[in-house]
Amino acid sequence: MRKLFIVFSLCILTFGGAAMAQNNTEKDHNFKVAKNLETFSAIYKYLDLMYVDSLNADEVVGNGINYMLHSLDPYTVYYPADKVKDLDLMISGKYAGIGAIIRYNFAIKNTIIDQPYENMPAAEAGLKKGDIILAIGDSSMVGKDVSYVSNRLRGDAGSRFVLTIKRPSTGKKMKFKITRRSIQLPAVPYYGLQDNGVGYLNLNSFTTDCSKDVRRAFLDMKKQGMKSLVFDLRNNGGGSLQEAINIVNMFVPKGITLVKTVGKMERANKEYKTTVEPIDTVMPIVVLVSDETASASEITSGSLQDLDRAVVLGTRTYGKGLVQVSMDLPYNANLKLTTSKYYIPSGRCIQAINYKHSNGGYTEHVPDSLTHVFHTANGREVRDGGGIKPDIEVQPDSLPNIAFYLTASGRDSTEVMLNWELKYLRTHPTIAPAKNFVISDVDYADFKQAVLKSGFKYDRESKKYLEGLVKLARFEGYYDDAKPEFDALEKKLNHNIAKDLDYNKQTLKQLLTSDLVAAYYYQRGAMENGLQFDKQWKKAVELLNDPAAYKKVLQPLVDSKKTTETK
């Protein structure tokens, strides 16, 4: 009895000591918080009172807030009242304006219409690619940058204004009366049934109610006879967690836990389950992903992978396993705050980067050697950290250096590609249907001559590497002996734009074709057209047309040693 009393007493002392230690730690933490906030306030009061120049409170304090958040992670962001609309646009995909992509043309030093959105005020009014924006109402837009013009094109839904433009094809000034309206960026810019009953559905963002658009598109294609689906999430940066849950729920049974969020506060710990009956649990699905597939896109692709409901194809995804919530702040400001990590059905978190908060904040990539093995519903191995690794890796075609410089709009740009496209649009009132259109070899030869006559130049990467190697050889004392070889190599790498245009002909034809199709058939047409060149799409179709190969991907690898021992 005495021994029991001693043990019990020791337990009380242990727990009591732990509680006291925890209490002291909390007191110390609270004291540090209060001390630093008071110090910050005192410093700013002295600055405001005594600093040699007058201070802009919004700018100085705003910079302090932003630097503090910068030391945490890139997703915790402060939105002052005048920037809250940016957050609303990110969440909802809605804004009030004319519905068009604009860009700055450095050759003419003016902002132009690049691409009107289909069925939006800009397109309905008759604005076209290349139109030069001269004035909005009585305010001149000549020489103004994209940000300045964009802010003035947006406004309250229902408000009217006169837009003055100059059309390059005619050289005439034109005025359009336009009524701004709420612009909903299309979450599903294109879907359509392709050959052999393979459906294609592109989702470019997880904005409010996008799951309804996905559902409508899926049912429409299924009604037309869809037998399998390619679900394209490439370059989809994510958005709403709930929309991701809703989409996965279309393809897996009710009552399955898809996501668990775990954070510091109890209210951040949640489980998200499928809550309704699915619309299809057997149709073969391939999900296309890329290195810019992130957040809600990774929840969708990762959940379908963990549940063996789809084959994931493409390249490893971004690796964002953090969840943010929006917090209201005083004076109509807002804080997008990281509150938890999420875990998908296998139990893994795919966060690729650890954010360290000391020394002003720094990042640490999780190496593959430190990741852990988890298992899908069928027993396939998957890993945490580093994003979603595709079941089938297919690298996309890379963009050659000359294509990058031809498409880039910079201070030294001649805008030769844009000018040639505008000439093509002027001389071709219509083109073939979007699905099969490709510019002819004759058209490409004309483009090539336009590039050569424009004085276009670009920096070749091979030249940069050679210059670096020469510099290193000089430093290490090898250059004089190797000079003949360096001279010979420099001659072989001599800049020859005509040769580069011929060598990269197919890629440049694709880029020109895509731009032109977008001008005639909008974003929808450009996506449909792009499938004929898309090798990741073609690999997905090949897999879906081979049911045995598709099923094999979703089965675990058989361990030959274990099989032998079992026998």
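Residues numbered from 1 in each chain as written. Predicted model: local features only at pLDDT ≥ 70, side-chain atom pairs only at ≥ 80, totals over all residues. Heavy atoms only, no water.

Under an unreviewed UniProt entry, the name given to the protein is Peptidase, S41 family, and the organism recorded is Prevotella veroralis F0319.

(A) Expanded view of the pairing of strand β12 (residues 228-232). For β12, the buried fraction is high: five of the five residues fall into the buried class. Burial of the side chains of β12 extends over both faces: Ser228, Val230 and Asp232 are buried on one face and Leu229 and Phe231 on the other. Sheet analysis places strand β11 (residues 198-202) next to β12, joined by five bridges and oriented parallel. Each bridged residue has a counterpart across the sheet, and for Gly199 the counterpart in β12 is Leu229. The parallel pair β11 and β12 is bridged by helix α6 (residues 210-223), and the resulting crossover is right-handed. Across four bridges, β12 lies against strand β15 (residues 285-289) in parallel orientation. Bridge assignment links Leu229 to a residue of β15, and that residue is Ile285. (Buried < 20%, exposed > 50% of the residue type's maximum accessible area, 1.4 Å probe, protein only. Helix = DSSP H or I, 4+ residues; strand = E, 2+ residues; numbered from the N terminus. Pairing = 2+ DSSP bridges. Right-handed = clockwise from strand over helix to strand, strands pointing away.)

(B) View of the nonpolar core. Core analysis: the largest hydrophobic core is formed by 40 residues, its most contacted members being Leu201, Leu203, Leu229, Phe231 and Ile247. Counting only elements with at least two residues in this core, the list comes to α6, β12, α7 (241-249), β13 (257-263), β15 and α8 (296-306). Ile247 has contacts with Leu203, Phe206, Cys210, Ser211, Val214, Phe231 and Thr300, leaving out every residue within four places of it along the chain. Counting 23 residues, the second largest nonpolar core, distinct from the first, contains Ala434, Leu501, Leu508 and Tyr520. (Core = buried A, V, L, I, M, F, W, Y, C linked by side-chain atoms within 4.5 Å. Contact = heavy atoms within 4.5 Å.)

(C) How the structure looks around helix α5 (residues 146-153). Every buried residue of α5 is listed here: Val149, Ser150 and Leu153. Seen along its axis, α5 keeps its buried residues to an arc of 100 degrees; they face one direction. Lining the buried residues of α5 we find β2 (94-97), β3 (100-105), β4 (110-116), β5 (132-136) and β7 (160-167). (Arc of directions from axis to C-beta.)

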